[in-house]
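# A structural walkthrough
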Amino acid sequence: MKSSIIDNIKALPPLSSTILKINKIYAEESSTLKDMASAIENDPMIIANILKIANSPLYGFGSEIKNASQAVSLFGMSMTRSIAIGNSIRKLLNVDMQPYRVTSDEFAHISSLQAALMLNWYKKIDKQKAEKLYLAAFLQETGKILIASEVIQNDEAIRFANEIEDSNNLAVVEKAYVNASCGEVTALVFKHWGFDNEFIEMIKYSDTPSSAPDEIREFATALNIVKTIIPINKPFSEMAINFGLKKALDAGYKVKLLEESIDSMTQSF
């Protein structure tokens, strides 16, 4: 990894007091949904993003969600935390995704799609694991923000974008420019912010799950499959879906469950 990226990660400011409060509430077993709603209700940006996602067709809640309490009740602790953290981090990192040829809003939408697919798919396998993977899927592309910034600073945005546009393996292109994949950069970001080791490791190996330690290989593999199906350059393309399904089959998953989740997602995509 380029030393300039490492230096930029070390220079990142701490997470906001709202996020620290959310993490504390999430970690305490005695906390309630009301506690979580209270933690976010004074942060208009977080509430706006949670309501935007809650009212998107990705989750199909039916009636309009109008306030933080409703959203938290429907999403639960884990998903509310994930959405709040994701929104705050993108704001903190000042997103410019020009080298990936997407806007900041499109980048945020891709992250939401990856998280939604992960939840839809994995809750049919193991609900507890699904909640762990939801946060990781929602945040696993965070490193692309720093990679994009590095590419822009080196005046390589056009060349990088041209290579990304047709690539079926974005990690290879990223490594060629910054000596690290998105997963490796993202893992270092969350290590800097003090996230738990399991979360950091599953993202670190999300581009190379076969190299992951045994205890987190399943998580890294699931993340890799989701980002293969919904890559930033061609989400839900026929080729991307076929590659993802092949990876799932090779990993021993029941491919039908994943196909059902993809079909459900693409109807609203």
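Rules behind the numbers
Residues numbered from 1 in each chain as written. Predicted model: local features only at pLDDT ≥ 70, side-chain atom pairs only at ≥ 80, totals over all residues. Heavy atoms only, no water. Salt bridge = Lys/Arg side-chain N within 4 Å of Asp/Glu carboxyl O. Helix = DSSP H or I, 4+ residues; strand = E, 2+ residues; numbered from the N terminus. Buried < 20%, exposed > 50% of the residue type's maximum accessible area, 1.4 Å probe, protein only. Phe/Tyr/Trp six-rings, centres within 6.5 Å; stacked < 30°, edge-to-face > 60°. Arc of directions from axis to C-beta. Expected span 1.5 Å × (residues − 1). Contact = heavy atoms within 4.5 Å.

If you walk through the whole model with that rule in mind, you get 12 salt bridges. E198 serves as the salt-bridge partner of K132, at 3.1 Å between the closest nitrogen and oxygen. Of this pair, K132 sits in helix α7 (residues 127-139) while E198 sits in helix α12 (residues 197-204), and the two are 66 residues apart along the sequence. Between E156 and R159 there is a salt bridge; the shortest N-O distance is 3.2 Å. The exposure class assigned to R159 is partly exposed, which follows from its relative accessible area of 47%. Residues joined by salt bridges that share partners form a network here, namely E141, K144 and E174.

A ring pair, where both rings are aromatic, is described by two values, the distance of the centres and the angle of the planes. In total, this model carries 10 aromatic pairs according to the counting rule given. For the ring pair Y100 and F160, a centre distance of 5.1 Å and an interplane angle of 85° mean the geometry is edge-to-face. Taken together, the residues span a long stretch of sequence, with Y100 in the loop between α5 (68-93) and α6 (104-122) and F160 in helix α9 (residues 157-165) at a distance of 60 residues. Looking at F160, the relative accessible area reads 0%, which means it is buried. Their ring planes at 85° and their centres at 5.4 Å tell us that F190 and F199 sit as a pair that is edge-to-face. Given a relative accessible area of 1%, F190 falls into the buried group. Classification of F199 as buried rests on a relative accessible area of 4%. Feature note: the residues F190, W193, F195 and F199 constitute an aromatic cluster, connected by ring pairs.

Along the chain, the position of S210 falls in the loop between α12 and α13 (217-229). Overall, the relative accessible area of 65% leaves S210 in the exposed class. Spatially, the C-alpha atom of S210 lies 22 Å from that of A115, the residues being 95 residues apart in sequence.

Although it is not a glycine, D155 adopts a positive phi angle of roughly 55°. One non-glycine residue with positive phi stands out, namely F236, at about 60°. Inspection of the secondary structure puts F236 in the loop between α13 and α14 (238-250). Judged by its relative accessible area of 9%, F236 falls in the buried class.

Taken together, the buried positions of α9 are occupied by A157, F160, A161 and I164. Taken around the axis of α9, the buried residues stretch over an arc of 100°, which confines them to a single face.

Right, let's get into α13. If you check α13, its first and last C-alpha atoms are 18 Å apart, about what 13 residues at 1.5 Å a residue would give, namely 18 Å. With respect to burial, α13 is a largely interior element, 11 of its 13 residues being buried. Considered for burial, the residues of α13 that qualify are F219, A220, T221, A222, L223, N224, I225, V226, K227, T228 and I229. Packing partners of the buried residues in α13 comprise α6, α7, α12, α14 and α15 (255-266).

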